[in-house]
Amino acid sequence: QVQLIESGGGSVQPGGSLRLSCSASGRTFRDYTMGWFRQAPGKEREFVVAIRRSGGNTQMHYSDSVKGRFTISRDHAGNSVSVQMNGLEPDDTAVYYCALASSRLIVSRLRGEENYEYWGQGTQVTVSS
């Protein structure tokens, strides 16, 4: 059983920053993909960013909407992943979900939420003046 716990959501003004974290407990995986998705009111859940881990190789992938503003990283033990969000905009307002796949997903599958087996409860991010 795997449990994902998100933290770090909140409210900021446009241009502000927040840092989201996701900690995984339970089983550990040598190879995995951990991603963040978000869902704004009235919209479908969309891919934001992901980190793929396989052996000693780690790769990060960003949606075009957050590239250059968001940075994903993992801790040394690989049990938690964080997203530093800078230059936040009102369009970033959403509930952010952490998701984990127990394999290193190929790039074409990163954006499909059906490819992730475990999900956190979500954390609210609100960007408003």
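Residues numbered from 1 in each chain as written. Predicted model: local features only at pLDDT ≥ 70, side-chain atom pairs only at ≥ 80, totals over all residues. Heavy atoms only, no water.

### What about the overall build of the chain?
Phase 1: For the chain, the helix and strand inventory stands at zero helices and 11 strands.
Phase 2: Rg of the C-alpha trace for the chain: 14 Å, near the compact-globule value of 14 Å for 129 residues, within the 12% margin.
Phase 3: With respect to the principal axes defined by its C-alpha atoms, the chain has extents near 45 × 25 × 25 Å.
Phase 4: Taken over 129 residues, the chain has a buried fraction of 44%.
Phase 5: A separation of at least 24 residues holds for 59% of the contacts in the chain among residues at least 6 apart in sequence.
Phase 6: For the chain, the exposed surface amounts to about 6,600 Å²; the carbon and sulfur share of it is 43%.
Phase 7: When the 14 basic and 12 acidic side-chain charges of the chain are each reduced to a single mean position, those positions are 8 Å apart. (Helix = DSSP H or I, 4+ residues; strand = E, 2+ residues; numbered from the N terminus. Rg over C-alpha atoms; globule rule 2.2 N^0.38 Å. Buried < 20%, exposed > 50% of the residue type's maximum accessible area, 1.4 Å probe, protein only. Contact = heavy atoms within 4.5 Å. Areas by Shrake-Rupley, 256 points an atom, 1.4 Å probe, with all protein chains shown as cover. Lys, Arg positive; Asp, Glu negative; His and termini not counted. Charge placed at Lys NZ, Arg CZ, Asp CG, Glu CD.)

### What about the pairing of strand β6 (residues 57–62)?
Phase 1: As defined by bridge partners, strand β5 (residues 46–54) adjoins β6 across six bridges and the pair is classed as antiparallel. Note on β6: the bridge partner recorded for R53 is T58.
Phase 2: Linking two consecutive strands that pair antiparallel, namely β5 and β6, is a turn of two residues; a positive phi of about 60 degrees is found at G55 within it. (Pairing = 2+ DSSP bridges.)

### Thoughts on the packing of aromatic side chains
Phase 1: Under the criterion given, the structure shown has four aromatic pairs.
Phase 2: Between F37 and F47, the ring centres sit 5.8 Å apart and the planes meet at 80 degrees, which makes this aromatic pair edge-to-face. Here F47 lies in strand β5 and F37 lies in strand β4 (residues 32–39), a separation of 10 residues in the sequence. We note that F37, like F47, is buried.
Phase 3: With 6.2 Å between their ring centres and 65 degrees between their planes, Y116 and W119 make a pair best called edge-to-face.
Phase 4: Among the aromatic residues, those joined into a ring-pair cluster are F37, F47, Y116 and W119.
Phase 5: Positioned above the aromatic ring of Y97 is the side chain of R45, whose terminal nitrogen or guanidinium carbon lies 4.8 Å from the ring centre.
Phase 6: It is R45 that lies over the ring of W119; its NZ or CZ is 4.1 Å from the centre. (Phe/Tyr/Trp six-rings, centres within 6.5 Å; stacked < 30°, edge-to-face > 60°. Lys NZ or Arg CZ within 6 Å of the ring centre and 35° of its normal.)

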